[in-house]
Structure formats: structure tokens, C-alpha cells
Amino acid sequence: MATFRIKRFNPEKQPEPYFEEFQLDIPDGATLLDCMNQIKWTLDGSLSYRMSCRSAICGSCAVKSNGHALLACQRQAEHLVDDNDTITLEPLGNMKPVKDLVVDFTPFWDKINKVKPYLEPKDEPPEKERHQSQEGFRIIDDSSTCIMCGACYSDCNTLEVDDNFLGPAALAKAQRFVGDSRDSKTLQRVQDLSEPGGIWDCTHCGECVERCPKPARPFDRIKEIMTVALEKGVHNNNGARHALSFTNSVKRSGNLNENRIPVESMGFFNIPGLLSLIPVGLRMLLKGKVPPVIHHSIEEVDDVKRIFKELDQ
Amino acid sequence: MKFALFTGCVAKGATRELMLSTTKAAEGLGFEFVEMKSASCCGAGVVSEKSPLLADALNARSFSIAEKQGLDIVTICSTCQGTLKKTEAHLNESKEYKEKVNDILEEGGHQYNGKTRIKHFANILATEEGMARLKSRIKRPLTGLKVAAFYGCYVLRPSERSDFENPDNPTGMEDIFAALGATPVYYPSRVKCCGFPIVMMNKDASLGMSGNALQDAIEHGADVVATGCPLCHLSLDSYQPEIELLQKKNQSIPILHLPQLVALALGYTPTQLGMDTHIISTLKINQILSGSHSSTH
Amino acid sequence: MIQHDVVIVGAGLAGMRCALEVCKELDVAVLTKVYPSRSHSGAAQGGIAASLGNSEPDSWEEHMYDTVKGGDFLNDQDAVEEYVKAAPRIIYELEHMGCVFSRTPDGKIAQRSFGGHSKPRACFSADRTGHAILHALHEQLIKNSKSVKIYNEWYMHSLVVDGDRCNGVIVSNIQTGEVEVIRAKAVVFCTGGYGRVFKITSNAFASTADGVMAAFEVGIPLEDPEFVQFHPSGLYRQGILFSEAARGEGAYLLNDKGERFMETYAPSRMELAPRDIVARAEQSEMDAGRGINGENCIHLDLRHLGEARIMERLPQIRQLAIDFLGIDCVTDPLPIQPTAHYSMGGIPVDKGGHVVIDAEQTKMQGFFAAGECSCVSVHGGNRLGTNSLLEAVVFGERAGKSVLEYARGKDFGNVNEGQEKAKVLKKFEDIFQREGSESYNQIRDEMKEVMMSHCGVFRDEERLKVCIETLKKLQERFKKGKVTDKGKLFNTEIYEIIELGNMLSMAEIIAFTALYRQESRGGHFRTDFPKRNDEKFLHHSLVYDSPEGFVVKTKPVVITKYQPEERKY
């Protein structure tokens, strides 16, 4: 017998959400969705949530279980029971709850739309199919597995504090086109995606990769966009400058020159940015925490330089 | 127990007290840490933004350095740990990729053979042997000190590469705190992000994240936050005075590196561990340990 | 009252393709009770058929023959010919839109073998072809968002009909509970199938016969409803689809003795015989006690394919088996069983997607249908794999073109908003006021159980009669069901109840027509009439409602190129 502790919310009845517990014997081989259905169909028909395919392809049933987003139909309920024989269910994070476990997906879809998620081909289509290499398919294969379930969006640490962030799903979708050999707007795309709210606002927390029920791995996709953006010379932003400064530092000395990187990341002409470094810089100076002014290289740094040269970096 | 110590860049720069306290902790535990002086920066997941292959090649070289010494690698930074493990995974996933990287390393006399293991200091302590050693050498149990862990994202996610049993609900660090005689404080934000990677790009968001985490720790009754990542330390300590959320409520909380906490229990003094160089004063900790400060807020 | 030139109900492949066609000229709205990317089209795995000849030389004639033979010669061949001829262009257009396809070494769209096809003509995207096409079309819809309005999570209750003319639909907004009338010059149904009437099905919870029943209720007959396809490889007890592509890549079907039993049933095609033949083979083995461990399942063995090939061609379905059965097909055989998968029958339409109401193809003005909910008929008595994705896109486009031709320059019809709304409001009220002594869940389980056992892969007169009896009793009990949620905000319970009502009616229609058809053809197999009877039954069944109960009229099959012959593999 397991306890399902579910966050209920029905603004038609009362303005605040509340937790309700249901006792259920988890049937053999039952998924979390199977259990939710059992509760709904035998205990309380008003329990509301989205679901459809029950085979991890439609993306409807993403929900927060024990504090972390997952696809309810994909997981065996008995694996989710905690030490108190309980499974806690809540609606997805970073989205407004509508009723019980149903959330408002509008901002999610709006952000998907914002990255222009459709092919912009170079020229008039040929008579037959455009050719694409098997490698070309491989580059967009992972991002094309995304089922838009919102699990990544729910647990994204940046989105928790900054609504302006496009979010992992939209950015992963964007990579599907940035990496598509048939698309002609790569430069435009990476320029748009390098704006505030885009790729450089990702905090690398890895929650999106962790929660994704498919092999889409949004964070890996975001990094792929970053690489393309840097290759295409989209350098006029703090994120790009940071990556370049870091890499150049390692090239020169084998390690990071911590005094240079904040300044180079901001950019020499970015007066407000440079000024914003002063408080923390001053505090650290006063405590003797400023890294040594004379920066030392690692031993055998020549081998590192050789590697850089060999890779044309 | 002898290890190749991968220090990471920040431990010798902006958070020098980490290197200092690591040396002391190792001494106190009887570990032999051999500093990897010719290892390059792990790349912190930033070099791979420029070129994934470059980042992997540089890290493979570091692995080879340890392999030649016949030693496993110990890291003292969650970011280094996560980044090195990522390279390890890339190299082991594809024979062709491993060959490609080894081709690049060859001229420098290096090869990656997959022999060296890469562990975070916390993982080494959390083993049976580590715990036994720890418990047998404690000189000053941290009784009465309520410690909140802050793991650092890179060491936890993605979970297939984490050395913590349950990355959603790890207990490794809390087990260490308990072994040191302290009271571990569990709170939801201990597995979240401090925001350091975007402090240069989106400072408000970055401080928002560290602010939420610190407030969470404070509200759960912690006296101090102990972290396994110096970048998290920079975020949580050096930037703490700028966090509006805490300023408004006039709250603050000192931040320790894990080796500092361990070394305190092994009998070293705060000054020996560089605790006087922190931005947020660590005086309170000593007061709690000597019983002259009430540890409730 | 909401008004659009055209309203399309259903935003899967057919619905979206139709919308893309219609939006070129007219104001079009698409209604979906989920979101477009949640549509069941996305669950299709194996591929979409076209005689591109990228793998081996191929021709539309061969595709047509395979389709007609696969359909046991019940297909309307004039429609099939146009459909297979259009296939290559349709695929190229999808690719031009950006659809992600797996490729050959020289960069062309890759094609693989599939059951019932004599040549490898299944164009695929790893093992998620439906998903790839669904998203490609959705992307185009986003690109054209200014010209297409999408009503997400709106439910279609019924058609607004005036004589022989369709003037709109009555709908409700699932989120707010508000009932609305949408007046339109033309209505297109792309509402999918109804596998959910069966216990073991590959279909999503959303596949509940809403569209076909809405048409039936205004007097439109349903064509060939007795023809339901049971897909051979549903994951045991779950029914979740494990693509035919696995067999296309070379997997074996084994009984308890480890025998490749398809040798007995279809020696030349073996595992790649058409689905109905394989499903019956499996059921026969299981009925004879040769199921794995004597249970109701068969082994699908992929081990000899090797990990590399499985990871390249079938990664997603491998993960399905791990997630839902805890079995890795790289190292172990998978237990599978027949699962209700596709509805060959549906709303009768002509080649252009225009709904017709009798054997003479009299059109219902302003009403169109495409995809699984329709019956053209291109699949006849049994659909070949990869032909459904093709049907949805081809006829989505055709219906769109027909709609443009019809609705251009037409006026809106008369709609009495108050009256129409009242009908649906009353339906809600009736359900809320019910006695409440019965459990809807119980009724639904019993319906699914009896349909599976008494109207499944093997049927006979006696069991079908018992089935119909049982369904009628369930329909009575349905009127006394208990409702918990009487609110307006996102009330998922009330819609499940309405859907159940539709399914109970549909189930009865299927069983009734199965009883009528005293022969075996395609997916419909009568153990008491095991042979195909062209003399008496080479026609489509058109089922109508009448005060005396259901009535079956016949509709001739259009036979042009390929005369019916014995169907052997």
C-alpha cells in the first residue's frame, strides 16, 4: 500500500492549493500514470491531469514526482516510492498551475515559436528530395527526438529566477535548425540566440538533461549552438567573450587567468559591465583574495600550446 | 592512500584557502596528495563551448599524466570533477573518438588508456575506508554546528556520471558532516545551481539562484554552508553581500569549503585554514564550536 | 458565435496537412482536444510508403498491387491508384518542408522493407517516423500561424446540419467549460481511429470514436466498421506498439518451442506477411497452447540483429521495451501479442475527401474527412504498414483542395446558435444528474474485455451475439453512471464519460457489422465462415442508424487494374 500525496488546486473551489493523500496498492508493473488513472477512476474522478498516448511519445503527462519532473507514463511507480512509502505529485514547475496537475503551457509554446522552429531553406526545392548526409542526419537526430513534454522547462534553474530565458526546450529545438544542413539562416539564428535570454543565459545546471525522457539532452544541444555561434564570429556578447577569454587563457598558460577573464568577458568598452565588477573586486582585494597579479603557467605548457595549434584553435 | 591532486585553477587563485585547507586536511588524514603541476585547466565546461574536441584532448592529457604516475585522480572542485568525468565518458563511448584523441596526444608523449579513476574529495571520504580514517583522527568534533551541504551541479548531473548514489537525494556530504560530529541540515536547494556560470552574463539571475539557495539553508536552521566547489564558494561567499534577497532581511551565512570543515574537525585552527580571508565572516563558526554562541537564529 | 470559413477537427497529420492547404486562400481554424504535437499520428513508428526506388527499383503499379492484395481486394482501386501515384511527390514535399528522414549513404531518403510490401518502400526517420512528420507539419503551422487559428484543448460534440448541408460544429473549451458554436462553410473531420474500445490496444486514450459518432448521429453511415486491424507486435499486456520495422530489419517471431511458426502460415513472406495474417498466426499459436509459457504471448527476437543495428534503426522502441517491460531486446526476446491498432472503417468519403452518404456517392454538402477516421477506401479489408501515414498526408491535402473548391465564394449557412448550444448543455446536465449507481470505469473495462475476447482477432456468430447483448446492457448501465467532478474548469472526467458513450455505440456498430459479414476478409476473420466469399460479400458495408436498429446497405467496390485473386503469401 503506497500513499500518493497529490497537490490539488481548484480555483473554482478555493484560491489556495493543498495536498491530498490517497492510498493505493500499486499493481504489478504499473506505471505512475497507471496509478494516477486508478486513483482517478476509482477514488476521485475530479483529479485532473493531461495524458494521451501512455507510451512516452505524445509528451502530455509530464509531472513533478518527489520534487523532480518526469513523464508519468514512462516510470514504474514502485521505483518512485520514497522511504515513507509515499509518492508526492505536483504540477510542473516554472509554469502556472491551472487545476491540480494541469499547468498553463502558453509561455512554453510562445518560446518555442520565438526561435522560428521551421526550416528556412536556401533556394527553390529540387524535384526530388534535398540530399543530406548520414552525418547531417546525426547532427539533428537527438534534438528531433524532443516530444515537447516540458519536463526540462519545469526544472530549469535559470527559469526559476528569470522568466526571460528561452528555456531548454526552445533552445534544443533551435539547434534542430542551427544544425540542419538544409537550413540557410544559420548566422541569423545564432545571432538571435546569442541575445539576452538565449544560449548564454543557460547556467549549466544539467537539470534538463537529467529530466528529459528522450535522448534530446537539451544542455548538450545548447552547447552545440554556442560552438556554432563562436565559429560564425558572433562574439559581441559577454558569454562569447567569456568563452574566448577562457580558451585563450588556457592556450597561453595552460590554466585560467582569473584577473583577466572578468574584464575580457565584459568587454573593454562595456563601462557599466566593468563598473559592476568593482564591488566584488574591491571586497576580494581587501581580504587578500585577488589572484596573483603575475600569472604562472603550468609546467610543460608547451605541450598544451602544441595541442591548440594542432587543432587550429 | 596516495592520489594525484587535480587542483583546478581557482583553488590556487581566488580561493587560495581551498588549496591551503586541502593540504592540511590531507595531512591530518594521512592521505598523500601529489599535485599535478603539469595538468591543464579542466576547461570548466567553457572551453568545450569553443571546441569539444580541444577540451577532451586537454583532459585526456591530464588523465595520462596521472596514469603515468600510477595514481588515481582526486579533485577538490565539483566543476572539475563533472567536466573531467564528461571527457572520460566521451572517450569511453567511442573507440574512434578515443583513437582520435590519442593521436593528438601522441606527439606530447601521452596516451589515454582508461586506467585512472577520477574521484571528488567527498567521494573518497564517503567510502568505508575514508570514513574509518576520518572518525579515527577527529580531534575536535564539530558538536553543535549545523552544516548545510551545497554539492554543486557538475558533480551531480547528469546522474549516469555521478559518483553519488542518488543524485536527486545524495547523502555523501551529510554523512561526512555527521561523522565529523556536526549536525547535517537537509534542505531542497542543496542540489541546485549557484548560478556562477552566468554571473558575467546575467548577474541578476545568478545572484537570484545563490540567494534562493542561501535563504533556503538559513530558513532550515543552518549555521554554515559547506560546499565541494570553489566556484560555488565564490558565488555564495564573495558575491553574498550583493544578494538583495538576503540584504532585505539582514541575513548572512558563512560558507566553508569541505576540506576546511574536515580540517577543523581534525584539529586545525581557522587561521591555518584561511578562514579569515572569507568575505562573509566565519567567526560565528568558531564561537559555536567553542560553545560561546547560540547556534539558533 | 465563432465563425471561420473552414473548421478542421483534429490536428494530426491529416488535419494539419489539410490546414496548410486551406490556409492558402481561406480563413481556417483547427480544433484539437489535445495539442497538435500530442496527436496520435506521432505514435506511428515504422515509416511512410512511397515508390521512390531509393533502395531498389520500384513502381506505383507494384505499390498499388501490394496495397490491393494487402486489403484483400476490398480497396477502391481508382482511389488507390491516385493515392500511390501521389506518394512520391508527397514525400518529397514533406522533406522540402524540413521533415527529418534517415538517409542512404548517398544522401537520399532511406527506405526499408515492411510487411506486405514487395519492395523496400518505407521511408523512415529512425523508428519515429510519425513523430518526425507530425513535428514537421506542426513547424509549418507555426510558420503560417497568422493564417491558421488553432483551438487547443477544445472538444467537438456534434455537427450542425441543415438538411444535406453541414454548417458548423458545436464545441466546448475544455479549459473553461464554455460551450460554443463554430459556424463554417466547410467542416473537415480528421479525428482518428477508435482502438480504445478494445482492452489491448496501441491507441492513445484520445482515440475514442468522437468524430465517427458525430457523423453517424446526423445520419451519415459508417463504412466497413467491422474491419479493425490487430497489429501483431503490441508489448505484452500493455498493447504499446513495437514497430513492424523490427520485423522489417529482420526480427523473428518464435513460439514456445522456439519455432519460426510463420513458415506454416505465410512461407514466402514469413514475418513480413501482412499484419492480419501475422496476427492470426500468433493468435492461432497461442490458442493451440504454444504461447510463451502457455501464456497469451509470442516472442519477438531481435538478438541476432546486433546492438549496433538496433541502436541505429530501432533506438526508440528498444527504450520502450526497457521502460515498459524491463526487457532489453538486444539481449532478450520480447513478449508480444496482437493489439487493436487501426480502424480501416470510418466515415465514407470519395477520392477527394468529400463525405458521401450512400452507395451512389451522394455528397454531404460542406462535410469532408481525411485520415484514419475516413474510409475512401484505400486500405480495403486490411491496411499495410506505412500506408496510413501516407493516407493521412495525401488525403489531408486532397480534402484541403476539395474544401477550397467547395467553399470558395460560398455563403455561411443558417445556424441557430441558441438551439445548438442548448443541445450540448443539456447533454452535460443529463450526465451530471444521473443516478450514480454505476461505475464508468467498470463499464469501460467490461466493454474493452468483451470486445477483445468476443470481437477480436477471431470472431464467430455466437460470440458476436453475446458481445452485442453485453454492449447493450452496458449502454443501459451507462445511463446511471456516477460523476464526481461537476465543475467547469478543466473537467477531464466529463469528457472521458462522453467519450465512453461514443465508444459504447461504436463497439456495438463494429460487432453488429462483424455479425453481418459472413466471410473472412482482411482483418475480419470468422471462424464459422473462414473463407473469403467474393460472390456474396465483395462489397463495402454501409451501416446506418434507424428507429429499428442498425441497418446495413452495400456499396460496390471499384475494381480497375487487379481482379480479386487468392491472397497467399
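Conventions we followed
Residues numbered from 1 in each chain as written. Chains lettered and ligands numbered in written order. Predicted model: local features only at pLDDT ≥ 70, side-chain atom pairs only at ≥ 80, totals over all residues. Heavy atoms only, no water. Helix = DSSP H or I, 4+ residues; strand = E, 2+ residues; numbered from the N terminus. Buried < 20%, exposed > 50% of the residue type's maximum accessible area, 1.4 Å probe, protein only. Contact = heavy atoms within 4.5 Å. Areas by Shrake-Rupley, 256 points an atom, 1.4 Å probe, with all protein chains shown as cover. Lys, Arg positive; Asp, Glu negative; His and termini not counted. Charge placed at Lys NZ, Arg CZ, Asp CG, Glu CD. Buried area = accessible area lost by both parts, 1.4 Å probe. Salt bridge = Lys/Arg side-chain N within 4 Å of Asp/Glu carboxyl O. Polar contact = N/O pair within 3.5 Å; in protein donor to acceptor, adjacent residues only side chain to side chain. Pairing = 2+ DSSP bridges. Axes fitted to C-alpha atoms, helices over the stretch in contact; angles between N-to-C directions. Core = buried A, V, L, I, M, F, W, Y, C linked by side-chain atoms within 4.5 Å. Phe/Tyr/Trp six-rings, centres within 6.5 Å; stacked < 30°, edge-to-face > 60°. Lys NZ or Arg CZ within 6 Å of the ring centre and 35° of its normal. Parallel < 35°, antiparallel > 145°, perpendicular 65-115°, else oblique. Nonpolar A, V, L, I, M, F, W, Y, C, P; charged D, E, K, R; others polar. Left-handed = near helix turned anticlockwise from the far one by under 90°.

## Some points on the overall build of chain A
Inference 1: Summing up its helical and strand segments, chain A has 13 helices and seven strands in all.
Inference 2: With respect to the three principal axes, the spread of C-alpha positions in chain A is 70 × 70 × 40 Å.
Inference 3: By the burial criterion, 61% of the 313 residues in chain A qualify as buried.
Inference 4: Counted over contacts in chain A with a minimum sequence separation of 6, partners at least 24 positions apart contribute 63%.
Inference 5: Summed over its atoms, the accessible surface of chain A is roughly 12900 Å², and 51% of this surface lies on carbon and sulfur atoms.
Inference 6: Counting 39 positive and 46 negative side-chain charges, chain A places the centres of these two groups 5 Å from one another.

## Focus on the interface of chain A and chain C
Inference 1: Tallying the contact residues gives 64 residues for chain A and 61 residues for chain C.
Inference 2: The junction of chain A with chain C conceals about 5100 Å² of combined surface from both sides, 51% of it contributed by carbon and sulfur atoms.
Inference 3: At the boundary of chain A with chain C, the tally comes to six salt bridges.
Inference 4: The residue D485 of chain C makes a salt bridge to K99 of chain A at a minimum N-O spacing of 2.7 Å.
Inference 5: For the pair chain A and chain C, the interface holds 36 residue pairs in polar contact (both at pLDDT 80 or more).
Inference 6: Every element with two or more residues in the side of chain A that touches chain C is listed here: α1 (32–42), β6 (97–99), α2 (106–114), α3 (134–141) and α6 (168–178) of chain A.
Inference 7: It is α1 of chain A that contributes the most residues to the side of chain A that touches chain C, five residues altogether.

## A short note on the sheet that holds strand β5 (residues 86–90) of chain A
Residue and element names in this part refer to chain A.
Inference 1: Taken together, five strands build an open sheet; the order of strands is β2-β1-β5-β3-β4 and the sheet is mixed. With one partner strand each, in any of the chains shown, β2 (18–24) and β4 (68–71) form the two edges of the open sheet. Averaged over all adjacent pairs, the angle separating strand axes in this sheet is 35°, with direction ignored.
Inference 2: Examined bridge by bridge, strand β3 (residues 62–65) and β5 share two bridges and lie antiparallel to one another. Its bridge partner being in β5, S65 is matched across the sheet by L89.

## Looking at the interface of chain B and chain A
Inference 1: The interface of chain B with chain A comprises 67 residues on the first partner and 62 residues on the second.
Inference 2: Summing the contributions of chain B and of chain A, the shared interface buries around 5400 Å²; its carbon and sulfur component is 57%.
Inference 3: Ranking the residues of chain B by area buried against chain A places E49, K50 and M200 of chain B at the top, with a combined share of 14%.
Inference 4: Here chain B and chain A share eight salt bridges between them.

## Re the nonpolar core
Inference 1: By size, the foremost hydrophobic cluster in this structure holds 184 residues, and its most contacted members are F4 and L32 of chain A, V225 of chain B together with F242, M262 and L302 of chain C.
Inference 2: Excluding residues within four positions of it along the chain, L32 of chain A makes contact with F4, V63, S65, L70, A72, R75, A77, L80, I87 and L89 of chain A.
Inference 3: Core analysis: the next-biggest nonpolar cluster, separate from the first, contains 148 residues, M16, I133, V212 and A514 of chain C among them.

## Description of the environment of N236 of chain A
All names here are of chain A.
Inference 1: Here N236 is to be found in the loop between α9 (218–231) and α10 (238–253).
Inference 2: Separated by 31 residues in the primary sequence, N236 and G267 place their C-alpha atoms 8.4 Å from one another.
Inference 3: There is a polar contact of 2.9 Å between the side chain of N236 and the side chain of R241.

## Quick word on the packing of aromatic side chains
Inference 1: Tallied over the entire structure, the rule returns 26 aromatic pairs over all chains.
Inference 2: With a centroid separation of 5.2 Å and 35° between ring planes, the pair formed by W109 of chain A and Y35 of chain C is classed as tilted. Highlighted residues: W109 of chain A in helix α2 and Y35 of chain C in the loop between β2 (28–32) and β3 (48–49), drawn from two different chains. As far as burial versus exposure is concerned, W109 of chain A and Y35 of chain C are alike and both buried.
Inference 3: Geometrically, the ring pair formed by F216 of chain C and F550 of chain C is edge-to-face, given 5.8 Å between the ring centres and 70° between the ring planes. Here F216 of chain C is found in helix α5 (residues 210–217), whereas its partner F550 of chain C is found in the loop between β19 (539–544) and β20 (551–556), with 334 residues between them in sequence.
Inference 4: Judged by relative accessible area, F216 of chain C falls into the buried class, the value being 4%.
Inference 5: Through a chain of ring-to-ring contacts, three or more aromatic side chains come together here, namely F105, F108, W109 and Y153 of chain A together with Y35 of chain C.
Inference 6: Sitting over the face of the ring of F19 of chain A, R5 of chain A holds its NZ or CZ atom 3.9 Å from the ring centroid.
Inference 7: Over the ring of Y342 of chain C we find R383 of chain C, and its NZ or CZ is 4.2 Å from the ring centre.

## Describing the packing of helix α3 (residues 77–97) of chain C against helix α11 (residues 387–407) of chain C
Residues and elements named next belong to chain C.
Inference 1: In contact at an axis separation of 9 Å, α3 and α11 are set at 90° when each is read in the N-to-C sense. Taken together, α3 and α11 sit at an angle that is classed as roughly perpendicular. Contact residues: α3 offers E82, Y83, A86, A87, R89, I90, E93 and L94, while α11 offers N387, L390, E391, V393, V394, F395, E397 and R398.
Inference 2: Taken together, the residues of the contact of α3 with α11 break down into nine nonpolar, one polar and six charged.

## With respect to the packing of helix α13 (residues 440–454) of chain C against helix α15 (residues 492–516) of chain C
All names here are of chain C.
Inference 1: Following both chains from N to C, one finds α13 and α15 inclined at 25°, their axes separated by 11 Å at the closest point. Between α13 and α15, the angle falls in the class roughly parallel. Viewed along their axes, α13 and α15 form a crossing whose handedness is left-handed. Contacts between α13 and α15 involve Y440, I443, R444, M447 and M451 from the first element and E496, I497, L500, M503, L504, A507 and I510 from the second.
Inference 2: When the residues that make up the contact of α13 with α15 are grouped by side-chain class, the tally is 10 nonpolar, no polar and two charged.

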